[in-house]
Every structure is written in structure tokens, then in C-alpha cells.
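# Secondary and tertiary structure notes
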Amino acid sequence: QVQLAESGGGLVQAGGSLRLSCAASRRIFSSESMGWYRQAPGKQRELVANMPTSDSTVYADSVKGRFTISRDNAKNTVYLQMNSLRPEDTAVYYCRLVSMYSMEYWGKGTLVTVSS
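As a starting point, this report considers the structure included with it. (Residues numbered from 1 in each chain as written. Predicted model: local features only at pLDDT ≥ 70, side-chain atom pairs only at ≥ 80, totals over all residues. Heavy atoms only, no water.)

## Regarding the nonpolar core
Among the nonpolar cores identified, the biggest contains 29 residues, and Leu-4, Trp-36, Leu-80, Met-82 and Tyr-93 are the most heavily contacted of them. Within the residue set of this core, elements represented by two or more residues are strand S3 (18-24), strand S4 (33-39), strand S5 (46-51), strand S7 (67-72), strand S8 (77-82), strand S9 (91-98) and strand S11 (110-115). Those residues in contact with Leu-80, other than ones at most four positions away along the chain, are Leu-18, Arg-19, Leu-20, Trp-36, Val-48, Ala-49, Phe-67, Thr-68, Ile-69 and Tyr-93. (Core = buried A, V, L, I, M, F, W, Y, C linked by side-chain atoms within 4.5 Å. Buried < 20%, exposed > 50% of the residue type's maximum accessible area, 1.4 Å probe, protein only. Helix = DSSP H or I, 4+ residues; strand = E, 2+ residues; numbered from the N terminus. Contact = heavy atoms within 4.5 Å.)

## Considerations on a nonpolar patch on the surface
On the surface, a nonpolar cluster with roughly 450 Å² of combined accessible area is contributed by Phe-29, Met-100, Tyr-101 and Met-103. Mapped onto the elements, Met-103 comes out in the loop between S9 and strand S10 (104-106). (Patch = residues over 30% accessible without salt bridge, like charges linked within 9 Å, V, L, I, M, F, W, Y side chains within 5 Å. Areas by Shrake-Rupley, 256 points an atom, 1.4 Å probe, with all protein chains shown as cover. Salt bridge = Lys/Arg side-chain N within 4 Å of Asp/Glu carboxyl O.)

## Some details on the side chain of Asn-50
Positionally, Asn-50 belongs in strand S5. Looking at Asn-50, its side chain comes within polar contact range of the side chain of Ser-33, at 3.2 Å. In terms of polar contacts, Asn-50 uses its side chain to reach the backbone amide nitrogen of Gly-35, at 3.3 Å. Those residues in contact with Asn-50 that lie beyond four places of it in its chain are Ser-33, Met-34, Gly-35, Ser-56, Thr-57, Val-58, Ile-69 and Arg-96. (Polar contact = N/O pair within 3.5 Å; in protein donor to acceptor, adjacent residues only side chain to side chain.)

Right under this line is the structure:
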């Protein structure tokens, strides 16, 4: 098993910034997929940003130009830098890892609340 621990969520005003971190309990390999998903009240979980490999990125259209995903495999950590936050970004943000053996792991989530 792999444990994922998100941190960095909180309450911010619209236009502000937050950086989320997700620390894995073991080494992350470059071929493994790591990303961020979010779930707002009354909505299904959706992709925010993903790194299918260490050198590729995928973003939801709603966050392009505002959010940046990055990872440090040596530190077993993936980050999500969130700028120009909007109230509609309010959600619980979850970290996801897909291992090289196609096992899927999820963190417990961290709450981001953006006030207007």
C-alpha cells in the first residue's frame, strides 16, 4: 500500500494563492501518474491537473493558466500551485497516484475554500 497525505488547503480570498502538497509514503517513479482532483459540494469528482509521467502535464480547461502542477520524485511529493483563485475553485482537493503496477491510490483530501 501507498499512503498519500495532502496538505496546504485553507481559506483564501478570491484572487489569492495557495500551494497544495501531496507526500507519498514511498519513492515515486517517473513513469507513475500523479495528479490532483477536486470535488465541490453537489458535484462529482473532476480532474484538476495530472502528470501522467514526470515530464508531461494535463490541466482542466477551468484552471489552465492559473494552476501549475509539479513533482519532486526524490521527495515523493507532488505540488499544485494555485493562483488567481476563484470562488468556484472551492472544493476538497484529492491527490491520486497510479503506480507502475496500475494500482490506484487516493489521499484523504484537503479543503480549499475561496471567499468572494
